[in-house]
Amino acid sequence: MRSTHWNLIFAGSSLFYLFSLAYRPYPMDFLFKALPILWLMLLVLRNATSNKYLLLLALAFSATGDIFLALPIKHSFELGLGAFLLAQLTYATNFWRFRHWQPWKLWPLLAVLLFAVLMLWQLLPKLDAMRLPVLAYMLVICSMATMAVLANRFGHWLLFGAASFLVSDALLAWNLFIQPFPFSAYAVMLTYYLAQLCLVNGALKIAPMADEGRHAPR
């Protein structure tokens, strides 16, 4: 099955979960939340080359985080945050392998820095006991976004993916720690699914390009 087909299946299952948010909680809702990520894992299995296992690991951590955050268990947020921290570390490690500097990348890197400063300015007075875990996660996701910018070579999949992940987590943090807002679950999940779609498709493009570059005549 071609990448386009897997992406369409991912989009369909993502939309299904978004529409189902109005009916939560319902039986096995946590599995439907993680299902789009499992489709991306199948896409990676069928199409990835040299970065297959790191992508699979990042997606596995993401699916685990989705499930933890959806389960009505004690410390579900902390467990989910830990799983996503590992997912971001894995993404960052993968993207670092394909780093490629170009002068224009300075601007998105400055945007990541500005995002971190603004979020810390808003969040720090509100975090209380969650200060250290949230600060650690913010450091890691900004590192992932930085590595995504540096690895970007073809199109803007990785840039869109990193930006969407930052927006998704910013919306989640704002809703949890600063001020709840209407339809927050829809906004968080829509940007989250878009982020995963873009990061995976961007990662699938950079590995063959890097391989071609290593084997090109000098």
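Everything quoted here is computed from the prediction, not taken from an experiment.

Conventions and cut-offs
Residues numbered from 1 in each chain as written. Predicted model: local features only at pLDDT ≥ 70, side-chain atom pairs only at ≥ 80, totals over all residues. Heavy atoms only, no water. Disulfide = S-S within 2.5 Å. Buried < 20%, exposed > 50% of the residue type's maximum accessible area, 1.4 Å probe, protein only. Helix = DSSP H or I, 4+ residues; strand = E, 2+ residues; numbered from the N terminus. Contact = heavy atoms within 4.5 Å. Expected span 1.5 Å × (residues − 1). Phe/Tyr/Trp six-rings, centres within 6.5 Å; stacked < 30°, edge-to-face > 60°. Lys NZ or Arg CZ within 6 Å of the ring centre and 35° of its normal. Salt bridge = Lys/Arg side-chain N within 4 Å of Asp/Glu carboxyl O. pLDDT = per-residue confidence, 0-100. Core = buried A, V, L, I, M, F, W, Y, C linked by side-chain atoms within 4.5 Å. Patch = residues over 30% accessible without salt bridge, like charges linked within 9 Å, V, L, I, M, F, W, Y side chains within 5 Å. Areas by Shrake-Rupley, 256 points an atom, 1.4 Å probe, with all protein chains shown as cover.

Applying the stated criterion to the full structure yields zero disulfides. Here Cys-142 is not disulfide-linked; the sulfur of Cys-198 is the nearest cysteine sulfur, at 18 Å. The class for Cys-142 is buried, based on a relative accessible area of 11%. For Cys-198, a relative accessible area of 6% corresponds to the buried category.

All right, on to the side chain of Asp-169 then. Structurally, Asp-169 is set in helix H7 (residues 157-178). With near-sequence residues (within four places) excluded, Asp-169 lies in contact with Gln-88, Tyr-137 and Ile-141.

If you check helix H5 (residues 106-127), its first and last C-alpha atoms are 31 Å apart, about what 22 residues at 1.5 Å a residue would give, namely 32 Å. Inspection of H5 places Pro-108, Val-112, Phe-115, Ala-116, Met-119, Leu-123 and Leu-127 among the buried residues, and these make up the whole buried set. Buried residues along H5 sit in contact with helix H6 (131-151) and H7.

The next subject is the packing of aromatic side chains. All chains considered together, the criterion is met by 11 aromatic pairs. Between the aromatic rings of Tyr-17 and Tyr-193, the centroid separation amounts to 6.4 Å while the plane-to-plane angle is 90°, which identifies the pairing as edge-to-face. Pair noted here: Tyr-17 is in helix H1 (residues 3-20) and Tyr-193 is in helix H8 (residues 184-215), with a separation of 176 residues, a long-range link. Residue Tyr-17 is classed as buried on the basis of its relative accessible area of 1%. Ring centres 6.1 Å apart and planes at 55° place the aromatic pair Tyr-26 and Phe-32 in the tilted group. A relative accessible area of 19% places Tyr-26 in the buried class. Judged by its relative accessible area of 31%, Phe-32 is partly exposed. Stacked on the ring of Trp-96, the Lys or Arg Arg-99 has its end atom at 3.9 Å from the ring centre.

In the structure shown here, the tally under the stated rule is one salt bridge. With a shortest N-O distance of 2.9 Å, Asp-29 and Arg-24 are connected by a salt bridge.

Moving on, we come to the confidence of the model for the chain. Within the chain, residue pLDDT values average 92, and 94% of them lie at 70 or more. Confidence, read as mean pLDDT per element, is least for H8 in the chain (84) and greatest for helix H4 (residues 76-96) (97).

Further remarks concern the nonpolar core. Tyr-91, Phe-95, Leu-123, Met-144 and Phe-165 are the most contacted members of the largest nonpolar core, which totals 61 residues. Mapped onto this core, the elements with two or more residues apiece are H1, helix H2 (29-47), helix H3 (52-70), H4, H5, H6, H7 and H8. Not counting the four nearest positions on each side in its chain, Phe-165 is found in contact with Gln-88, Tyr-91, Tyr-137, Ile-141, Met-144, Tyr-192, Ala-195, Gln-196 and Leu-199.

To continue, consider a nonpolar patch on the surface. A contiguous nonpolar surface patch, about 660 Å² in accessible area, is contributed by Trp-101, Leu-106, Trp-107, Leu-110, Leu-113 and Val-117. Since its relative accessible area comes to 39%, Leu-110 is described here as partly exposed.

As a further point, take the environment of Gly-65. In this structure, Gly-65 sits in helix H3. With a relative accessible area of 0%, Gly-65 lands in the buried category. With 103 residues separating them along the chain, Gly-65 and Ser-168 place their C-alpha atoms 14 Å apart. When near neighbours in sequence (up to four residues on either side) are disregarded, Gly-65 contacts Gly-80, Ala-83 and Phe-84.

What follows is about the environment of Ala-148. The residue Ala-148 is located in helix H6 in this model. You can call Ala-148 buried: its relative accessible area is 0%. Measuring from C-alpha to C-alpha, the distance between Ala-148 and Asn-201 comes to 12 Å, with 53 residues separating the pair along the chain. Residue contacts for Ala-148: discarding those within four places in its chain leaves Phe-95, Leu-158 and Ala-162.

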